[in-house]
Amino acid sequence: MRKHPIGFSDGSRALEPVGGAAGRAIWFAHAVERPRRSLAVTEPNDLSAFWMPFTDNRFFKEHPRMFVAAKGMHYTAAAGHQVLDGTGGLWCVNAGHGREAIVEAIRHTAGQLDFAPTFQLGHPLAFEAASRLSLLMPEGLDRIFFTNSGSESVDSALKIALAYQKARGQGTRTRLIGRERGYHGTGFGGISVGGIVGNRRQFGTLLTGVDHLRHTHDPARNAWSRGQPLHGAELADDLERLVALHGAETIAAVIVEPVAGSTGVLIPPVGYLERLRAICDRHDILLIFDEVITGFGRIGCATGAERLGVTPDIITLAKGLTNAAVPMGAVAVRREVHDTILQSAAPGIELFHGYTYSGHPLAAAAAIATLGIYQSEGLFARAIELEEYWADAIHSLRGARHVIDCRNIGLIGGIELEPRPGAPTKRAMEVFHRAFDAGLLIRVTGDIIALSPPLIIEKPQIDEIVAKIAAILPTVD
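What you see is a predicted model; the values in this text were computed from it and never measured.

Please explain the environment of alanine 324 as it appears in this structure.
Positionally, alanine 324 belongs in the loop between β9 (314-317) and β10 (329-333). Alanine 324 gets classed as partly exposed once you look at its relative accessible area, which sits at 36%. Residues alanine 324 and proline 269, spaced 55 residues apart in sequence, show a C-alpha to C-alpha distance of 30 Å. With residues near it in sequence (within four places) discarded, alanine 324 still touches Cys92, Val93 and Lys319.

When you look at unusual backbone geometry in this model, what are you seeing that I'm missing?
Leave glycine aside and you will find that most residues have negative phi; peptide bonds, for their part, are mostly trans. With a phi angle near 45 degrees, phenylalanine 54 is a residue other than glycine that sits in the positive phi range. Within the secondary structure, phenylalanine 54 sits in the loop between α1 (20-31) and α2 (57-62). For phenylalanine 54, a relative accessible area of 62% translates into the label exposed. Of note, the phi angle at threonine 425 is positive, near 80 degrees, even though the residue is not glycine. Position of threonine 425 among the secondary structure elements: in the loop between β12 (412-417) and α16 (426-437). The class of threonine 425 is partly exposed, set by a relative accessible area of 36%.

Which parts of the structure should I look at to understand the pairing of strand β6 (residues 210-213)?
Of the two faces of β6, the one holding Val210 and His212 and the one holding Asp211 and Leu213 are both buried throughout. Pairing between strand β5 (residues 175-179) and β6: four bridges, direction parallel. Bridge pairing in β6 links glycine 178 to histidine 212.

Is there a simple way to explain the sheet that holds strand β11 (residues 403-409) in this structure?
Sheet strands pair via backbone hydrogen bonds, and the direction of the pair is either parallel or antiparallel. Sheet architecture is open: four strands sit in the order β11-β12-β15-β14, paired in antiparallel fashion. Of all strands in the sheet, those bounded by a partner on one side alone are β11 and β14 (443-445). Neighbouring strand axes in the sheet, compared pairwise and without regard to direction, differ in orientation by 20 degrees on average. Pairing geometry for β11 and β12, over six bridges, is antiparallel. The partner of cysteine 406 across the bridge, within β12, is isoleucine 415. In the packing of helix α15 (residues 387-395) onto the sheet, contacts are made with β11, β12 and β15 (448-451), and the angle to β11 comes to roughly 175 degrees.

What is the right way to read the nonpolar core from this model?
Most often, soluble globular proteins have nonpolar side chains that are buried together. Core analysis: the biggest nonpolar cluster contains 94 residues, and Leu133, Val254, Ile415 and Ile469 have the highest contact counts within it. Examining the composition of this core, we find that 11 residues originate from one element, helix α13 (residues 361-376), more than from any other. If near-sequence neighbours (up to four positions away) are discounted, leucine 133 is found in contact with Ile144, Phe146, Phe296, Leu317, Leu321, Ala330 and Leu371. Ranked by size, the runner-up nonpolar core spans 19 residues in total, among them Ala252, Leu286, Val331 and Val337.

Explanation requested: helix α12 (residues 335-344) in the structure shown.
Each full turn of the α-helix corresponds to 3.6 residues, which orients residues three or four apart in the same direction. Within α12, burial applies to Val337, Thr340 and Ile341. Summarising the axial view, the buried residues of α12 lie within an arc of 95 degrees, below the 170-degree limit, and thus occupy one face. On its buried face, α12 sits against α6 (150-167), β8 (286-290) and β10.

Just to check I follow, could you spell out the side chain of threonine 340 for this structure?
Positionally, threonine 340 belongs in helix α12. Separated by 2.7 Å, the side chain of threonine 340 and the backbone oxygen of glutamate 336 make a polar contact. The residues touching threonine 340, leaving out its near neighbours within four places in the chain, are Tyr164, Ala167 and Arg168.

Reading guide: rules and limits
- Along each chain, residue indices are assigned from 1 in the same order as the chain's sequence is written.
- In keeping with the predicted nature of the model, local features appear solely for residues at pLDDT of at least 70, side-chain atom pairs appear and are counted solely at 80 or more, and the whole-chain, interface and lining totals rest on all residues.
- By convention in this description, side-chain values take in all heavy atoms of the structure and omit both hydrogens and water.
- Numbering of helices and strands starts at the N terminus; helices are DSSP runs of H or I of at least 4 residues and strands are runs of E of at least 2.
- The buried label applies to any residue whose accessible area, calculated with a 1.4 Å probe on protein chains only, is under 20% of its type's maximum; exposed applies above 50%, and partly exposed to all values in between.
- A contact between two residues is defined here by any heavy atoms of the two lying within 4.5 Å.
- Any two strands with at least two DSSP bridges between them are considered paired.
- Structural elements are reduced to axes, namely lines fitted to C-alpha atoms, with helices fitted over the stretch in contact, and the angle between N-to-C directions of any two is expressed from 0 to 180 degrees.
- By nonpolar core we mean a set of buried residues, namely Ala, Val, Leu, Ile, Met, Phe, Trp, Tyr and Cys, connected to one another through side-chain atoms within 4.5 Å.
- The arc in question is the one traced by the directions running from the helix axis out to the C-beta atoms.
- Polar contact is the term for a pair of N or O atoms within 3.5 Å; when the atoms are in protein, one must be able to donate a hydrogen and the other to accept it, and sequence-neighboring residues count only if both atoms are side-chain atoms.

Below, the structure is given as structure tokens:
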């Protein structure tokens with residue numbers, strides 16, 4: 001077991017800090033003596049205590065790669081080298097790292113109002129954040145419910161959809177429809193409507209009354225697409241099949257990502273979302289867009305709904321809402337849905353749902369500051385301004401070793417690799433590790449490299465991302 005994670009010198013418990021201020025901070029946090037409870041107690045500088053999410057823990061703790069600082073477009077690795085952020089953290093640092101306005105808003109609020117409950121009480125920042133956010137949403141989606149993550153936003157949206165159907169006298173509408181290869185977080189609701197098999201298989205039968213549309217990935221017809229692929233609008237008709245199977249009177253809502261991110265950048269075919277919207281309208285079904293990734297400028301507007309020209313009934317948000325500085329999510333709800341739930345309820349609580357940290361003061365302050373940066377710097381337009389240059393760069397990898405497809409929209413790129421025979425996902429993970437060591441952060445999902453850099457990226461940094469990937473691919477078997 002390693003007792004000296006990167007950033008520490010080897011030796012006894014009286015460790016010496018290395019790596020400057022960041023190293024000293026880590027050293028101080030870990031070097032404080034703790035009373036021993038048993039011989040098996042975890043050492044303060046041991047890697048074993050943290051059970052890491054979505055991680056090969058056994059591999060990582062033998063080969064740790066860590067960050068100790070971040071600013072602008074770069075992380076600083078514990079080993080000391082700079083790492084260009086090609087993924088906006090985890091699709092979330094849209095305005096770049098270490099933005100002073102956000103840091104100061106959090107610092108000031110922590111000193112003034114560290115916490116305030118929003119159950120039967122409130123604080124001004126939550127209302128201001130909601131008002132500012134509502135102005136960015138498609139017309140009519142101006143009622144905001146705050147959560148702490150995208151997973152919570154999805155579960156909240158599903159519950160709001162069910163509550164709405166019951167409130168309007170449609171209590172038989174309890175079925176929820178997701179899509180194959182969809183990612184909607186990791187709550188039981190989210191993985192039930194989600195369609196990534198690996199996220200589901202360990203956890204039993206999940207929610208009942210859930211079904212799935214076919215996914216839209218069609219490389220035979222749509223490989224090497226720039227923007228929305230031309231073929232596949234008819235895949236939306238799969239909802240008609242589910243309506244015929246289950247009956248429209250049983251279906252509460254359909255949830256899809258406008259652009260599916262975590263499954264490997266699946267961009268909706270031209271006309272697909274419009275067709276899905278029309279079918280939902282025809283059968284009186286709510287349409288939910290999961291915009292945890294596509295929100296806040298990622299594809300060129302405040303929302304994917306705005307960019308793609310299709311307005312859902314509910315939008316889930318998180319990630320870029322606070323530039324990831326403080327965890328926060330939100331659900332934007334069509335006013336009619338909100339009002340129906342409130343007006344049908346008996347006096348008292350209308351929706352029995354919420355979280356201790358809904359509208360947390362620090363998160364609300366971070367959101368207000370973040371939205372201010374997006375507006376003052378015109379960052380939502382950056383993905384449009386750079387889209388063609390980005391597309392040219394991504395598609396320059398056509399013909400590179402192992403690459404079987406490239407696709408893009410806004411400042412999202414997907415580079416699909418041919419799986420290694422008998423070892424799917426291994427080739428992409430090897431590229432991931434080599435990229436980190438070469439000073440580039442990418443995201444891999446299956447055998448797909450996903451890119452989503454901060455919106456402040458400049459053209460030379462786009463060139464650097466693609467050049468590093470192009471140099472790594474020939475070195476991987």
